[in-house]
Amino acid sequence: MNIVERFLKYVSFDTQSSETSDTTPSTDKQWALARYLEQELTDLGLQDVYLDDNAYIYATLPANTDRSDVPTIGFIAHMDTSPDCSGKDVRPTIIRSYDGSDIQLAGGLITSPQKFPELLNHIGEDLIVTDGTTLLGADDKAGIAEIVSACEWLIQHPEVRHGKIRIAFNPDEEIGLGAHKFDVERFGCQFAYTMDGSEVGEIEYENFNAASARITINGCSVHPGYAKNKMVNAGRIAAELVALMPEAETPEHTEGYEGFFHLTGIEGNCERATVSYIIRDHDRDRFAQRKAFITQVVATLTAKYGADVVQLQLADQYYNMREKVEPMPYIIDIARQAIAEAGMQPRVRAIRGGTDGAQLSFRGLPCPNIFAGGLNFHGPHEFCPVQSLERAMQTIINICRISEQTL
């Protein structure tokens, strides 16, 4: 099975995760792909294939080098797709030798280079696109296909020497829980790479520090004709809270290393309302200041309306992996060399988001992120160039070879 066939097979599985679930995996349907991968890895001849009770899959490509001191390295990708858009009945098509024009999808939907200029970087390539009714699932089934295909290639080419390679596929990355039950000790690697980036050539080892804030407002509903000095309108207080947040420090007004407050949800009525934010910043000190700011906003409303009316739940989610990766610069040097030898210009950039690797880095597994090739994730305009899949696969092969030669 070639890499394109493998990728198209994987996206046929609906693996959408759910933020409202309290199980792991968050949706039962993720098990179908997990079991398929368990069997596929076994059939390919990988060793120590293990599917645990939470749908995490681990496997080993044994070393074929005479050296005994080569460190064990790992590659990781996630099986779930975003809750933001349906992943059911994905019907991809391949546009051969893309010419730079608009792409017509179902229902009159158009993926245009005017709105998505990244398309123009892939003129002449073969683009895998959706039919316009679902996402594609390259985030992160492209990463899985690249890792499995690289392992298959290495098995077929024993002349390419490498150390012990560990691979793992996990559920629930899209809801921030992919690394929570990852067995770092079982994985047994000195370092690893998540194959979960986008454009070719990218290496990412800086990400946001992240927190979530949920504000619950308990109102008091009274007939509006007799409400004076009695009613406490939770919905109106929620709107007041949002108005106190800095208007320019939102995702739609920021880029690069600029952090933000992102309103992810607001709902309610007079009796009760909830407001949800995510808080992001690359700098740890500014991250702390942002958390202090929203805490002070809530304190202002609490002083005005009462502690029993406005309540804050604030929780850290993950931190910037840079502080864990930088002490081991050779991890990035190997990735740079591997990308260059695959014919691309290596580009180190900061993630305006997070990956499983961020959490794993703080659990003792330094884990930068490498491109997987998909673009416009989480919606029907998602696409993935065939050539990007192939280049990511070659990058993995190169990392395995270079690690054996240099470490």
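This one's a predicted model, so the numbers in the text were calculated from it and none came from an experiment. (Residues numbered from 1 in each chain as written. Predicted model: local features only at pLDDT ≥ 70, side-chain atom pairs only at ≥ 80, totals over all residues. Heavy atoms only, no water.)

Student: Describe the overall build of the protein chain, with residues and values.
Tutor: Each helix and strand in the protein chain was counted, giving 10 helices and 17 strands. Taken over C-alpha atoms, the radius of gyration comes to 23 Å for the protein chain, in line with the 22 Å a tight globule of 407 residues would show. Along the longest, intermediate and shortest principal axes, the C-alpha atoms of the protein chain span 85 × 50 × 40 Å. For the protein chain, buried positions account for 56% of its 407 residues. Split by element, the accessible area of the protein chain, about 17,400 Å² in all, is 48% carbon and sulfur. Within the protein chain, the 58 negative side-chain charges are centred at a point lying 5 Å from the centre of the 35 positive side-chain charges. (Helix = DSSP H or I, 4+ residues; strand = E, 2+ residues; numbered from the N terminus. Rg over C-alpha atoms; globule rule 2.2 N^0.38 Å. Buried < 20%, exposed > 50% of the residue type's maximum accessible area, 1.4 Å probe, protein only. Areas by Shrake-Rupley, 256 points an atom, 1.4 Å probe, with all protein chains shown as cover. Lys, Arg positive; Asp, Glu negative; His and termini not counted. Charge placed at Lys NZ, Arg CZ, Asp CG, Glu CD.)

Student: Break down the sheet that holds strand E2 (residues 57–61) for me, citing the residues and quoting the values.
Tutor: Here we have 8 strands laid out as an open sheet, ordered E1-E2-E8-E3-E9-E16-E10-E15, and mixed in their pairing. Both edges of this open sheet fall to strand E1 (47–51) and strand E15 (347–350), since each of them pairs with a single strand only. Neighbouring strand axes in the sheet, compared pairwise and without regard to direction, differ in orientation by 25° on average. With 3 bridges connecting them, E1 and E2 associate as antiparallel partners. Looking across to E2, one finds that Leu51 is bridged to Ile57. Sheet strands touched by helix H2 (residues 30–44): E1, E2 and strand E8 (165–170). Its angle to E1, the strand with the most contacts, is close to 170°. (Pairing = 2+ DSSP bridges. Axes fitted to C-alpha atoms, helices over the stretch in contact; angles between N-to-C directions. Contact = heavy atoms within 4.5 Å.)

Student: An account of the side chain of Asn209 is requested, with residue identities and associated values reported.
Tutor: Inspection of the secondary structure puts Asn209 in strand E11 (residues 209–218). With relative accessibility at 1%, the residue Asn209 sits in the buried group. Engagement of the side chain of Asn209 in a polar contact is seen with the side chain of Arg284, the distance being 3.4 Å. (Polar contact = N/O pair within 3.5 Å; in protein donor to acceptor, adjacent residues only side chain to side chain.)

Student: Please give an account of the nonpolar core that cites residues and values.
Tutor: Residues Phe7, Phe75, Ile144, Ile167, Phe169 and Tyr193 are the most contacted members of the largest nonpolar core, which totals 75 residues. Judged by nonpolar contacts, the second largest core, of 21 residues, contains Ala213, Ile217, Ala234 and Val275. (Core = buried A, V, L, I, M, F, W, Y, C linked by side-chain atoms within 4.5 Å.)

Student: Quick rundown of unusual backbone geometry? Include the residues and the values.
Tutor: Note on backbone geometry: most residues besides glycine have negative phi, and most peptide bonds are trans. Cis peptide bonds are those with omega within 30 degrees of zero, and the linkage from Thr24 to Pro25 qualifies with 0°. Positionally, Pro25 belongs in the loop between helix H1 (3–11) and H2. With a phi angle near 55°, Asp48 is a residue other than glycine that sits in the positive phi range. With respect to the element layout, Asp48 can be found in strand E1. In the Ramachandran plot, His378 falls in the positive-phi region, its phi being about 75° despite a non-glycine side chain. Residue placement: His378 occurs in the loop between strand E16 (369–371) and strand E17 (383–385). Judged by its relative accessible area of 29%, His378 is partly exposed.

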